[in-house]
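What the coordinates show
As a plain string of letters, each chain reads:
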Amino acid sequence: MRAVDAVMECLKAEGVEVVFGLPGGANLPTYDAFVDAGIRHILVRHEAGGGHAAEGYAKATGRVGVAMGTSGPGATNLVTPIMDAMMDSVPVVFITGQVRTELLGTDGFQEADTLGLTMPAVKHSWMIQHPLEIPRAIHEAFHVARTGRPGPVVVDIPQDLSRAEIDYQPVTDVKLPGYQPTTEGNAKQIRQAAKALATARRPVFYVGGGVVNAGAAKELTDLARLDRFPVTATLMGLGAYPAPDPLWLGMLGMHGTRAANYAMDEADLICAIGARFDDRITGKLSEFAPRAKFIHIDVDPAEISKNVPAHIPIVGDARHVLGRLATEFRALEADSSRLDAWWERIEGWRAKYPLRYEESTDGEIKPQYMVQAVYEATGGDAIVTTDVGQHQMWAAQYYHFDQPRKWINSGGLGTMGFGLPAAMGAKVGCPDQTVVCIAGDGSVQMNMQELATCAQEGIDIKVLIMNNGYLGMVRQWQELFWDRRYSQVDMGNFPDFVKLAEAYGATGLRFAEKAGLVENLREAIATPGPVMVDVRVGREENVYPMIAPGQAARDMVG
Amino acid sequence: MGEPGTQELLSLEELEAAGGMRTGRKHVLSILVEDKPGVLTRIAGLFARRGFNIDTLTVGPTDDLSVSRITLTVDGALHPIDHVTKQLHKLINVLKIRDLEPRDTVSRELALFKIAADGPQRAEVLQVCEIFRGKVVDVGRRSVIVEVTGTTDKIEAFEAMARPLGLIEMMRTGEIAISRGRGET
């Protein structure tokens, strides 16, 4: 069979149910193979939309997403989703077409050095040099994407090689001698960690996206509840612990709650799980959690002690390690009353500094209220994707995620335009769930074109645009740190999102009144087919509380 | 092989002593890699991206055709070496990394020096060459080419002597290193 037919066989063997992509000259053979392959392919309008859709699919389902593009511009358009998937550890296989081997290196039409362009952004990549390598490369790519710390991989296939006839032998074993991720944590270290937890008087669990990736939410919840351990999570970790809950402190970091950030500041033991001490979490590194010792559990050894030295490093899969840690901890029969004073202190912060905003008196929709209304209208049970900016932070603060894989956004790279295609991918992966995209009016325009894909394919997503006519987060920073000298942030009243939605074949709605918003949103979400809602919110609201960049948690404002 | 496992528990004192894990000395990393296209780019790119400086780098075949050895030297005063090695371990084509202990290692570098050797100066050049057990590999009417092999210190010492005599050009290979004893590097 042709090598491309073998690619299809490999995808089927890997259990792929959908591919997001766009054909072009260099991957014509691949698209010819799709005709008979029986694999669902969704024709996106821009490769970046396809890449983010594959990420949304992967984040919502926990399976590997697949995106395809042709050579040259097809591949360069995929660079943003590839980097995005790298930063947030999302398992996606990107398969790109490449010019014929005789043209390689000649600046041929639509030639780009895809491997070189994507090298700093991938977990690994394969440049096919012989058609017989193709099946093994595809399986290796899936193996690398999904195991260890998940991440994006690229397989670049020159057009002539993809067309070649090969004797296809199914590949059943993948052996990569240089790739053997550690999954089982060291038993001695886990015992040490249990002892440290049993004696800590001011412990905090600081959890990140690694807990979601490892499917360790239950193990985390069980362990925390063994002894009233306070839990906070990063933006990526939301949903790993059910919110709201007595042990839940809210998100930490730049726009986290005071309870979470103050608890980190005063903690004597911080147990970091699948988190990487990003600058948006630590603020000023020298003043980050100055009294704490650190247990750091991560599947990627390079994350441990990268930014903050760990006293008890544990390399391993969070699910395995947390399960073992709970067993060890239970055996120690710790005296729970040692945490009484700590909880009293935390409850004090909670009571004094709840998340709050000034409610409007004139019917204006406050952006925070919009998120609360979405929470109510969806019963708190939707998959929520966002773009990047103020709306993302408010969604993180006010939509209380009580399950993992319900909260899908671009954390590390902070990619505007992520939300709409990610919602599309999530809905394809989870057709029975309600999927809403809370978008910014700036961000949503960056991958708007995928609304056409949703309309054509009947992908039932609800895009709720928090429209303040500004690049709101940039405006906020200009207001706070640049003397309110607004520079290139006002997007005015353009475009008309209702008409645009209709032009794309979706339903367009506009809400500008606080009264009845929950009911209106409920109706919008119940409307069949893709819906885009232009929600007009107060223009100059700021996200608070806030740790100013480079400041310490202790100095939160707002 | 593969990624390093969990480290032993560090005491607080050890942690502080590690002080960001900068050792303050030169480290020779001996890296076995699969001989696949782009592997050197991956390593060079990783160093550039993470802001690590490579002092010298050599690549060559090993006794196994599918495996190459990269020997590179890094300044442990500038970079936490374990960050460097942990990042290198994440590259899938990297099979094995050894941070060679200086006293358990034999390391060599080869250098070629083109030195002005007009008239009376020629004798002095040849004398220095002999002291360093250098080899004259080419002689011209106005210059000689000298080959010197040895440790980096020796090469640098020869350079210091050659410079006042009229050093025209110098080329160095960068260090290769092999561990002492029966075991493989």
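What counts as what
Residues numbered from 1 in each chain as written. Chains lettered and ligands numbered in written order. Predicted model: local features only at pLDDT ≥ 70, side-chain atom pairs only at ≥ 80, totals over all residues. Heavy atoms only, no water. Core = buried A, V, L, I, M, F, W, Y, C linked by side-chain atoms within 4.5 Å. Buried < 20%, exposed > 50% of the residue type's maximum accessible area, 1.4 Å probe, protein only. Domains from an automatic or database assignment. Contact = heavy atoms within 4.5 Å. Buried area = accessible area lost by both parts, 1.4 Å probe. Salt bridge = Lys/Arg side-chain N within 4 Å of Asp/Glu carboxyl O. Polar contact = N/O pair within 3.5 Å; in protein donor to acceptor, adjacent residues only side chain to side chain. Helix = DSSP H or I, 4+ residues; strand = E, 2+ residues; numbered from the N terminus. Nonpolar A, V, L, I, M, F, W, Y, C, P; charged D, E, K, R; others polar. pLDDT = per-residue confidence, 0-100. Lys, Arg positive; Asp, Glu negative; His and termini not counted. Pairing = 2+ DSSP bridges. Axes fitted to C-alpha atoms, helices over the stretch in contact; angles between N-to-C directions. 1 Å grid on protein atoms, 1.4 Å probe; cavity = no way out; pocket = protein on both sides within 12 Å on 5 of 7 lines; lining within 4 Å. Points joined across faces, edges and corners; volume = space filled by probe spheres on them.

Residues and elements named next belong to chain A. In this structure, Phe205, Ile273 and Ile295 are the most contacted members of the largest nonpolar core, which totals 101 residues. Structurally, this core is a two-domain feature, drawing no fewer than three residues from each of domain 2 (187-352) and domain 3 (367-536). The contacts of Ile295, once residues within four sequence positions are left out, are Ala193, Ala196, Leu197, Leu269, Ile270, Cys271, Ala272, Ile312 and Ile314. Judged by nonpolar contacts, the second largest core, of 45 residues, contains Leu22, Ala423, Val428 and Cys454.

Take the interface of chain A and chain B next. Quite often, the size of an interface is put as the accessible area lost when its parts meet. Listed by partner, the interface residues are 35 residues for chain A and 28 residues for chain B. Considering only the surface of chain A that becomes buried against chain B, A:Met119, A:His124 and A:Gly178 emerge as the three largest contributors, covering 20% of it. Our count for the chain A to chain B interface comes out at one salt bridge. Two residues, A:Asp300 and B:Lys90, come together in a salt bridge whose shortest N-O distance is 2.5 Å. For the interface between chain A and chain B, the tally reads five residue pairs in polar contact (both at pLDDT 80 or more). Counting residues per element, the ones that place at least two in the side of chain A that touches chain B are strand E5 (124-127), helix H8 (187-199) and strand E12 (312-315) of chain A. Examining the composition of the side of chain A that touches chain B, we find that four residues originate from one element, E12(A), more than from any other. By residue class, the composition of the side of chain A that touches chain B is 18 nonpolar, 11 polar and six charged.

When pLDDT is averaged along chain B, the result is 87; 89% of the residues meet or exceed 70. This stretch, residues 1-10 of chain B, has a pLDDT under 50; its non-local contacts, to residues over four places away or in other chains, come to 38 contacts.

Residue and element names in this part refer to chain B. Assigned domains within chain B: domain 1 (12-100) and domain 2 (106-178). Of note, the centres of domain 1 and domain 2, computed from C-alpha atoms alone, are 29 Å apart. Taken together, the eight residues of domain 1 in the interface contact six residues of domain 2. Overall, the association of domain 1 and domain 2 removes approximately 530 Å² of surface from exposure, summing both partners, and the carbon and sulfur fraction of that is 55%. Applying the counting criterion to the domain 1 and domain 2 interface returns one salt bridge. With its nearest N and O atoms 2.5 Å apart, the salt bridge here joins Glu175 to Lys26. One can count two residue pairs in polar contact (both at pLDDT 80 or more) joining domain 1 with domain 2. Counting residues per element, the ones that place at least two in the side of domain 1 that touches domain 2 are strand E1 (26-34), strand E2 (56-61) and strand E3 (67-75). No other element matches E2, which puts three residues into the side of domain 1 that touches domain 2. The class makeup of the residues in the side of domain 1 that touches domain 2 is three nonpolar, four polar and one charged.

Residues and elements named next belong to chain A. What the domain assignment lists for chain A is domain 1 (3-163), domain 2 (187-352) and domain 3 (367-536). The centre of domain 2, based on its C-alpha atoms, is set 31 Å off from the matching centre of domain 3. Contacts between the two partners involve 16 residues from domain 2 and, on the opposite side, 17 residues from domain 3. Here domain 2 and domain 3 share an interface that buries about 1400 Å² over both sides, 65% of which is from carbon and sulfur atoms. In terms of surface lost to domain 3, no three residues of domain 2 exceed Leu235, Leu238 and His255, which account for 39% of the buried area on that side. Where domain 2 touches domain 3, the interface holds zero salt bridges. Across the domain 2-domain 3 interface, the total number found is four residue pairs in polar contact (both at pLDDT 80 or more). Class assignment of the residues belonging to the side of domain 2 that touches domain 3 gives a composition of 11 nonpolar, three polar and two charged.

Attention shifts here to the environment of A:Asp173. Residues and elements named next belong to chain A. Within the secondary structure, Asp173 is located in the loop between helix H7 (159-163) and H8. Accessibility expressed as a relative area gives 33% for Asp173, which makes it partly exposed. For Asp173 and His139, which are 34 residues apart along the polypeptide, the C-alpha to C-alpha distance reads 8.7 Å.

Residue and element names in this part refer to chain A. Looking at helix H18 (residues 450-457), one finds that the buried residues are Glu450, Leu451, Ala452, Thr453 and Cys454. Elements that come into contact with the buried residues of H18 comprise strand E2 (40-43), helix H3 (47-61), helix H17 (419-429), strand E16 (462-467), helix H20 (497-503) and strand E18 (531-536). One or two residues past the end of H18 sits Gly458, with phi positive at roughly 65°.

So, on to the side chain of A:Asp160. All names here are of chain A. Turning to its location among the elements, Asp160 is positioned in helix H7. For the buried residue Asp160, which engages in no salt bridge, the nearest side chain bearing the opposite charge is Arg100, 6.2 Å off. Here the side chain of Asp160 touches Thr101 through a polar contact of 2.4 Å, side chain to side chain. Ignoring any residue separated from it by four or fewer positions in sequence, one finds Asp160 in contact with Arg100 and Thr101.

With that settled, the discussion passes to the sheet that holds strand E11 (residues 293-298) of chain A. Within a sheet, neighbouring strands are paired by backbone hydrogen bonds and run either parallel or antiparallel to one another. All names here are of chain A. Ordered in space as E9-E8-E7-E10-E11-E12, the six strands form an open sheet in which the pairing is parallel. The sheet is open, and its two borders are formed by strand E9 (248-251) and E12, each paired with just one other strand. On average, each strand axis in the sheet is inclined to that of its neighbour by 15°, with strand direction left out of account. Of the strand pairs in this sheet, strand E7 (residues 203-207) and strand E8 (residues 231-233) are connected by three bridges, and their pairing is parallel. Looking at E8, one finds that Tyr206 is bridged to Thr232.

A word on the layout of surface pockets. Considering only enclosed or pocket space, the second largest pocket measures out at about 740 Å³ in volume. Along its surface, the second largest pocket is lined by 33 residues, and A:Met86, A:Val122, B:Arg49, B:Arg50 and B:Lys90 are the ones closest to its centre. When contributions to the lining of the second largest pocket are tallied by element, the ones reaching two or more residues are helix H4 (73-87) of chain A together with helix H2 (39-50) of chain B. When residues of the lining of the second largest pocket are assigned to their parent elements, the largest contribution, six residues, is made by H2(B). When grouped by side-chain class, the residues that make up the lining of the second largest pocket number 14 nonpolar, eight polar and 11 charged.

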